[in-house]
Amino acid sequence: MDVDLLSIDAARRAADTAFKAYQDFLGTDPAQVDAIVEAMARAVEPECARLGRMAFEETGYGNPEDKRVKDLMNVRETVNWLRDITTLGMLWRDDATKIAAFGEPMGVVAALIPVTNPTSTVIFKVLSAVKAGNAIVCAPHPRGVRSGNEVVRIMAAAAEQAGAPKGLVQCLEHVTIEGTDALMKHRRTSVIMATGGPGMVKAAYSCGKPTLAVGAGNVPCYVHASMKDDLAEVAEMIVASKAFDYGTACVSEQAVIADPHIAREMRFALKEAGCYFCTPAEADRLAIVVFLGRQRMNPERVGQSPERLAELAQFSIPPGTKVLVSDEAEIGWQRPLSAEKLNPIMAFYEAKNSAHGIELAHGIARFEGWGHSAVIHSNDPGVVADFARVPTGRVLVNVPAIHGGAGYATDLEPSFMLGTGTWSGSITSDNVTALSLINIKRVAYANRDWRDIYEDYA
């Protein structure tokens, strides 16, 4: 059979099966739903190391140990947060206004899974969808089909053993663009959760279904002069975040902007933390390795080690290098390394003053990362307030971007799906959670005589 027809047929059958399971799941006691979520988390937790290795071996992106940590973060942090929230039944009531709100499932969730996080994103989306009372069908990237299906196999078996109907949690085994499109447009699909490249996100929004999608992240990181006594710690945070899983997280730092008073010391601190500052010629060759053209990241260079990237760009780096750094003065496609780079490469800018540093952060965020996240390291509340006007959905203060944005080192909701708002064409700027996957029904009693309208507007 033609592979596209096979994928389309599989998608249609999965959507129909998921809808039947969703109908059977409707009305399940919220305590039972919680038990199913807990069972799925317990089942996948001891498998995280194996799943991390599988994801790395199948995709060639990142590294197995950091993928293990990503999986564990979703298993533990997401479940810990879900445990304390109410998604189904009465959410709240206000006796004064005589209004009560009730959470109800949306239905069948079509979950598009990115190749950069083929297991951790599945874990996050499955736990969130089921907590909200929905069925879910995952559509992995073709390069991550095997690892995505293995995660779903583990979680689906645990869910069914805990009482969930068969077919509530599924993953497509035959994946093509046409099959994923058929899943998104299927009459039984209620909502789409889209994580992936710009083309895929655009396709999700154009399919005619309610869609939660996220855009690219070109995250600026501004280091203010007030941090002069803490630059070693700042550098450690930046490198830990950017080097994590070889830069595959869109929320990691893409450019460091240093105030002039601390720029020299910031360079030294970054070098001590494992950064290698490229020569201009090396940076130019690196850009050719990483990008195929304007807005065209080379997929074969995503999530590669610094050693591999340097080798491809034909220069040598010291042992233990964690991040490659390019000195930049301009923002735009005339300088490709000022754009988002899903690998351990950062740009470095020296600001003329604080106002210029904040201006650079605005420019970087607007270029290929509008609406995502921005980071500031500062002990000056006034500077933080000025910086917070950057056009992003998250402004993270004195934390590593990935740890803060995903809700580990901050009290933001734990999420592996960070909304970018209308800045970049997204419906939400929130950290997407199970609360994004319910309909809220309001029951409202009369609180004054309806006849008063004639007197009030006479």
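Residues numbered from 1 in each chain as written. Predicted model: local features only at pLDDT ≥ 70, side-chain atom pairs only at ≥ 80, totals over all residues. Heavy atoms only, no water.

Caption draft 1: Just the pattern of salt bridges, in detail. Enumeration according to the criterion identifies 21 salt bridges in this entry. Arg-50 serves as the salt-bridge partner of Glu-47, at 2.8 Å between the closest nitrogen and oxygen. Here Glu-47 falls in the partly exposed class, since its relative accessible area comes to 25%. Residue Arg-50 is classed as partly exposed on the basis of its relative accessible area, which comes to 28%. Close ionic contact of Glu-328 with Arg-335 constitutes a salt bridge, the shortest N to O distance being 2.8 Å. The exposure class of Glu-328 is buried, given its relative accessible area of 8%. Taken together, the shared-partner salt bridges connect Glu-47, Arg-50, Glu-150 and Arg-153 into one network. (Salt bridge = Lys/Arg side-chain N within 4 Å of Asp/Glu carboxyl O. Buried < 20%, exposed > 50% of the residue type's maximum accessible area, 1.4 Å probe, protein only.)

Caption draft 2: Expanded view of the packing of helix H9 (residues 231-243) against helix H10 (residues 263-272). Where H9 meets H10, the closest approach of the two axes is 8 Å, and the angle between their N-to-C directions is 55 degrees. In terms of orientation, H9 lies oblique with respect to H10. The way H9 lies across H10 gives a crossing that is right-handed. Across the interface between the two elements, Leu-231, Ala-232, Val-234, Ala-235, Ile-238 and Val-239 from H9 touch Glu-265, Met-266, Ala-269 and Leu-270 from H10. Of the residues in the contact of H9 with H10, the class split is nine nonpolar, no polar and one charged. (Axes fitted to C-alpha atoms, helices over the stretch in contact; angles between N-to-C directions. Helix = DSSP H or I, 4+ residues; strand = E, 2+ residues; numbered from the N terminus. Parallel < 35°, antiparallel > 145°, perpendicular 65-115°, else oblique. Left-handed = near helix turned anticlockwise from the far one by under 90°. Contact = heavy atoms within 4.5 Å. Nonpolar A, V, L, I, M, F, W, Y, C, P; charged D, E, K, R; others polar.)

Caption draft 3: Quick look at the side chain of Lys-209. By the secondary structure assignment, Lys-209 is in the loop between helix H8 (198-205) and strand E7 (211-213). Reaching out from Lys-209, the side chain makes a polar contact with the backbone oxygen of Thr-189 at a distance of 2.9 Å. In contact with Lys-209, other than residues within four places in its own chain, are Met-184, Lys-185, His-186, Arg-187, Thr-189 and Ile-192. (Polar contact = N/O pair within 3.5 Å; in protein donor to acceptor, adjacent residues only side chain to side chain.)

Caption draft 4: Representation of a nonpolar patch on the surface. Judged by side-chain polarity, Trp-450, Ile-453, Tyr-454 and Tyr-457 come together as a nonpolar surface patch covering roughly 570 Å² of accessible area. On the basis of relative accessibility, which here comes to 59%, the residue Tyr-454 falls in the exposed class. (Patch = residues over 30% accessible without salt bridge, like charges linked within 9 Å, V, L, I, M, F, W, Y side chains within 5 Å. Areas by Shrake-Rupley, 256 points an atom, 1.4 Å probe, with all protein chains shown as cover.)

Caption draft 5: Main features of the nonpolar core. Formed by 77 residues in total, the largest nonpolar core has its most connected members in Met-40, Val-126, Val-130, Cys-138 and Val-169. The leading source of residues in this core is helix H1 (residues 3-25), at nine residues. Contacts of Val-169, omitting those with residues within four sequence positions, involve Met-40, Val-126, Val-130, Ile-136, Val-152 and Ala-156. (Core = buried A, V, L, I, M, F, W, Y, C linked by side-chain atoms within 4.5 Å.)

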